Amino acid sequence: QAIPATNRSADSVAPSSAMASTSGAELEAQRFTQLVEALQSRVQQKTLPAEKKMAQCVVACYDGKSDYDAVHSCVEGCQKRMQEVAKRVEGEMKSLSNSVQACQQSVIARLEPRFQTAQTNPEAQNAVMKDYEAGVIRCFKEAEPQLPGIESRITGHLKEAS
């Protein structure tokens, strides 16, 4: 069973819209999303040997077995390993997304009191928005070093399954 596309989505690492983002933060979000999508593409390619092994296992389930329940029990056993790998991949990507989102929420929480008091002062609003943008950019920059480790762990899981 291939890793479902919904488990590979990079959309969940885009910036929170609780405060309007500015161009610098948007550009950084796009850059980071491209890095995540490239990682996902490499991982997808690395799933092929494990998928092939699973498919061969499934075909072998039909050799020498004529009992419906026995064949389907065998097939389920073949698919179980890929399902476990898919869960691990999903967990890695969810952890990355949660890390970025927690950082962004922290930036918003830290700036919220200043934003409330700056509502009638455009100059103060601009200062808060600049700090927000800098904070969001920092969130992506702090998350980026996690990507090689994520890819390495996922590759390890895939190698175990193939």
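Preceding this section is the structure that the text describes.
To start, this report covers the structure provided alongside it. For clarity, every value in this text was computed on a predicted model and none was experimentally measured.

About the cut-offs
Residues numbered from 1 in each chain as written. Predicted model: local features only at pLDDT ≥ 70, side-chain atom pairs only at ≥ 80, totals over all residues. Heavy atoms only, no water. Helix = DSSP H or I, 4+ residues; strand = E, 2+ residues; numbered from the N terminus. Contact = heavy atoms within 4.5 Å. Areas by Shrake-Rupley, 256 points an atom, 1.4 Å probe, with all protein chains shown as cover. Axes fitted to C-alpha atoms, helices over the stretch in contact; angles between N-to-C directions. Parallel < 35°, antiparallel > 145°, perpendicular 65-115°, else oblique. Left-handed = near helix turned anticlockwise from the far one by under 90°. Nonpolar A, V, L, I, M, F, W, Y, C, P; charged D, E, K, R; others polar. Buried < 20%, exposed > 50% of the residue type's maximum accessible area, 1.4 Å probe, protein only. Phe/Tyr/Trp six-rings, centres within 6.5 Å; stacked < 30°, edge-to-face > 60°. Core = buried A, V, L, I, M, F, W, Y, C linked by side-chain atoms within 4.5 Å.

Tallying secondary structure elements over the chain gives five helices and zero strands in all. Tracing the chain from N to C terminus, the helices and strands come up as α-α-α-α-α. Within the chain, contacts between residues at least 6 apart in sequence are counted, and of these 81% link residues at least 24 apart. Element-wise, carbon and sulfur atoms account for 53% of the exposed surface of the chain, whose accessible area totals about 9300 Å².

A word on the packing of helix α1 (residues 23-46) against helix α5 (residues 146-161). At a minimum axis separation of 10 Å, α1 and α5 run at an interaxial angle of 15°. Taken together, α1 and α5 sit at an angle that is classed as roughly parallel. When the axes of α1 and α5 are compared, the crossing they make is right-handed. Packed against α1, whose contacting residues are Phe32, Leu35, Val36, Leu39, Arg42, Val43 and Lys46, the element α5 presents Leu147, Ile150, Glu151, Ile154, Thr155 and Leu158 at the interface. For the contact of α1 with α5, the class distribution of residues is nine nonpolar, one polar and three charged.

By the element assignment, Ala102 lies in helix α3 (residues 68-117). Taking relative accessible area as the criterion, Ala102 reaches 47% and is therefore assigned partly exposed. Placed 37 residues apart in sequence, Ala102 and Cys139 show a C-alpha to C-alpha distance of 8.9 Å.

Scanning the model with the defined rule gives one aromatic pair in all. Relative to Phe140, the ring of Phe32 lies with its centre 5.2 Å away and its plane at 45°, an arrangement referred to as tilted. Highlighted residues: Phe32 in helix α1 and Phe140 in helix α4 (residues 122-143), separated in sequence by 108 residues. Look at Phe140 and you get buried, because its relative accessible area is 0%.

Judged by nonpolar contacts, the single largest core of 36 residues is most densely connected at Phe32, Met93, Leu96 and Tyr132. Looking at this core, the elements with two or more residues in it are α1, α2 (48-61), α3, α4 and α5. Ranked by the residues each element gives to this core, the list is headed by α3, at 13 residues.

Any functional reading would require information that these geometric values do not contain.
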